[in-house]
There are 2 protein chains.
Amino acid sequence: MSVNDVEHCDVVHKHADVVLKVHREMPDDDKLYDLAELFKVFGDSTRIRILFALFEEEMCVCDIADSLNMTQSAISHQLKILKQSKLVGNRREGKQIIYFLADDHVRTIIDQGINHIEE
Amino acid sequence: MSVNDVEHCDVVHKHADVVLKVHREMPDDDKLYDLAELFKVFGDSTRIRILFALFEEEMCVCDIADSLNMTQSAISHQLKILKQSKLVGNRREGKQIIYFLADDHVRTIIDQGINHIEE
DNA sequence: TCAACATATGAATAATTGTTCATATGTTGA
DNA sequence: TCAACATATGAACAATTATTCATATGTTGA
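Draft legend 1. Spatial organisation of the overall build of chain A. Helix and strand counts for chain A come out as six helices and three strands. Its helices and strands in sequence order give chain A the pattern α-α-α-β-α-α-β-β-α, from N to C terminus. A buried classification covers 49% of the 119 residues belonging to chain A. Taking contacts inside chain A between residues at least 6 apart in sequence as the whole, the part at least 24 apart equals 50%.

This is the structure we're talking about:
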């Protein structure tokens with residue numbers, strides 16, 4: 001029994017080719033981790049709502065907070081996460097910081113999600 | 001000041017139209033919640049790896065556990081979540097339960113995620 | 001019917017995370 | 001330069017969650 005067989009059913013030999021194929025095609029841990037991190041960002045309804053707000057148009061933090069009826073601090077914390085994932089960008093305009101969608105993967109990913117839950 | 005203005009910057013009047021537009025276009029809470037729940041499922045690297053395994057072909061729980069070098073119990077718990085989100089389906093074949101991808105939104109969503117992180 | 005196998009599941013634990021509160025940073029107009 | 005405004009951020013708390021361990025459920029062949 002190989003050290004890799006943490007757990008193993010009796011078909012391990014019969015299905016060894018499947019296991020090998022999966023190993024061969026599985027992306028690197030780094031990539032898997034990054035992917036999961038990206039989807040985690042979409043996995044919070046506050047952040048989803050921020051993205052929906054920005055679908056309409058770019059906005060200052062304050063307008064997002066108003067639109068979502070949440071505190072400025074809560075929004076600011078979430079915007080930081082959205083920015084780190086490069087889902088939104090920002091620029092300063094005087095006292096305000098304007099946030100906007102970084103690209104349209106955001107829209108595509110959310111649309112696919114909607115497709116799925118609406119089936 | 002409206003009861004809806006939990007927090008408000010001084011441009012609340014100037015930007016009131018933006019806030020209204022966001023309100024108008026924002027999906028229902030139920031939908032937002034479901035969306036976030038769906039993406040949460042993608043937000044775990046174990047579940048992502050299970051999905052990548054199933055991209056190759058349908059498999060019994062045991063083969064997934066072998067492929068990912070994880071315990072049967074851990075995989076089983078995660079498969080339950082994937083099934084609840086209708087991302088995978090299963091059927092019994094004798095003693096084994098065969099899991100498979102439910103549809104190809106899964107692939108599309110993950111591909112979009114990959115596109116994003118690889119830019 | 002029973003032993004062996006495959007999978008599911010409940011409880012417990014450790015780790016992660018969203019919001020709040022208080023406060024810091026940075027900008028503007030007077 | 002300073003007060004008012006807009007945003008960011010660190011610490012703390014509550015809530016959620018992934019894995020482990022032990023065990024239950026369900027299937028098969030003898």
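After that view, the rundown keeps rolling.
Draft legend 2. Representation of the protein's contact with DNA strand C. Taken together, the neighbourhood of DNA strand C is formed by 28 residues, with Thr46 and Ser73 of chain A together with Ser73, Ser76 and Tyr99 of chain B sitting nearest. Backbone atoms, meaning sugar plus phosphate, form 67% of the atoms of DNA strand C positioned within 4 Å of the protein. Threonine 46 of chain A is positioned such that a nitrogen or oxygen atom in its side chain is 2.6 Å from a phosphate oxygen of DNA strand C. Between histidine 77 of chain B and DNA strand C, the recorded distance is 2.8 Å, taken from a side-chain N or O atom to a base oxygen. Where the surface near DNA strand C is concerned, the elements lending two or more residues are α3 (45–56) and α5 (72–84) of chain A together with α4 (61–68), α5 (72–84) and β3 (96–101) of chain B. Considered class by class, the residues forming the surface near DNA strand C number nine nonpolar, 11 polar and eight charged.

Draft legend 3. Up close: the sheet that holds strand β2 (residues 88–93) of chain A. Residues and elements named next belong to chain A. Pairing is antiparallel across the open sheet formed by three strands, whose spatial order is β1-β3-β2. Bordering the open sheet on either side are β1 (59–60) and β2, each of which pairs with just one other strand. Judged from the two bridges that link them, β1 and strand β3 (residues 96–101) form a sheet pairing that is antiparallel. Its bridge partner being in β3, methionine 59 is matched across the sheet by tyrosine 99.

Draft legend 4. Summary view of the protein's contact with DNA strand D. Surveying the vicinity of DNA strand D reveals 28 residues, the closest of which are Ser73, Ser76 and Tyr99 of chain A together with Thr46 and Ser73 of chain B. Backbone atoms, meaning sugar and phosphate, make up 65% of the atoms of DNA strand D lying within 4 Å of the protein. Within the side chain of tyrosine 99 of chain A, one N or O atom sits 2.6 Å away from a phosphate oxygen of DNA strand D. Those elements that provide at least two residues to the surface near DNA strand D are α4 (61–68), α5 and β3 of chain A together with α3 (45–56) and α5 of chain B. Here the residues of the surface near DNA strand D are counted per class, giving nine nonpolar, 11 polar and eight charged.

Draft legend 5. Structural context of the side chain of arginine 49 of chain B. You can see arginine 49 of chain B is positioned in helix α3. Aspartate 29 of chain A is the oppositely charged side chain nearest to the buried, salt-bridge-free arginine 49 of chain B, at an N-O distance of 4.8 Å.

Draft legend 6. Region of interest: the sheet that holds β3 of chain B. Residues and elements named next belong to chain B. As summarised here, the arrangement of the three strands in space is β1-β3-β2, forming an open sheet in which the pairing is antiparallel. Strands at the two margins of the open sheet, each flanked by one partner only, are β1 (59–60) and β2 (88–93). In this fold α3 packs onto β1, β2 and β3, with an angle of close to 90° to the strand it touches most, β3.

Draft legend 7. Structural detail: the pairing of β2 of chain A. Pairing analysis gives six bridges linking β2 of chain A to β3 of chain A, with the strands arranged antiparallel. Paired with arginine 92 of chain A across the strands is isoleucine 97 of chain A, a residue of β3 of chain A.

Draft legend 8. The arrangement of the interface of chain B and chain A in detail. Contact residues are listed per partner, giving 63 residues for chain B and 63 residues for chain A. With both chains or domains summed, chain B and chain A bury close to 5600 Å², and 67% of this area falls on carbon and sulfur atoms. For the pair chain B and chain A, the number of links is four salt bridges. As a salt-bridge pair, glutamate 118 of chain A and lysine 31 of chain B come within 2.6 Å of each other at their nearest N and O atoms. At the junction of chain B with chain A, the criterion picks out 10 residue pairs in polar contact (both at pLDDT 80 or more). Of all elements in the fold, only α1 (16–25), α2 (29–42), α3, β1, α4 and α6 (105–117) of chain B reach the threshold of two or more residues within the side of chain B that touches chain A. The dominant element in the side of chain B that touches chain A, judged by the number of residues it contributes, is α6 of chain B, at 10 residues. In terms of residue class, the side of chain B that touches chain A is built from 28 nonpolar, 18 polar and 17 charged.

Rules and cut-offs
Along every chain, residues carry numbers that run from 1 in the direction the sequence is written. Chain A is the first chain written and ligand 1 is the first ligand written, with later ones labelled in order. Reporting in this predicted model follows two pLDDT cut-offs: at least 70 for local features of residues, and 80 or more for side-chain atom pairs to be given and counted; totals over whole chains, interfaces and linings ignore these cut-offs and use all residues. Computation of side-chain values covers all heavy atoms of the structure but excludes hydrogens and water. Numbering of helices and strands runs from the N terminus; a helix is a DSSP stretch of H or I covering at least four residues, while a strand is a stretch of E covering at least two. With a 1.4 Å probe rolled over the protein chains alone, any residue whose accessible area is under 20% of its type maximum counts as buried; one over 50% counts as exposed, and the rest are partly exposed. Throughout, a residue-residue contact means that at least one pair of heavy atoms, one from each residue, lies within 4.5 Å. Summary of the distance rule: residues count as near a molecule or strand when at least one heavy atom falls within 4 Å of that molecule or strand. For this analysis, a polar contact is any N or O atom pair within 3.5 Å, provided that within protein one partner can donate a hydrogen and the other can accept it, and provided that sequence-adjacent residues contribute only side-chain to side-chain pairs. Amino acids outside the nonpolar list (Ala, Val, Leu, Ile, Met, Phe, Trp, Tyr, Cys, Pro) and the charged list (Asp, Glu, Lys, Arg) are all regarded as polar, and Gly is one of them. Two strands qualify as a pair provided DSSP detects at least 2 bridges between them. Charged residues are defined here as Lys and Arg on the positive side and Asp and Glu on the negative side; His and the ends of the chain fall outside this count. We define a salt bridge as a contact between a side-chain nitrogen of Lys or Arg and a carboxyl oxygen of Asp or Glu at a distance within 4 Å. Axis geometry follows a simple rule: fit a line to the C-alpha atoms, using only the stretch in contact for helices, then measure angles between N-to-C directions, giving values from 0 to 180 degrees. Once two parts are joined, some of their accessible surface, as seen by a 1.4 Å probe, is lost; buried area is that loss totalled over both.

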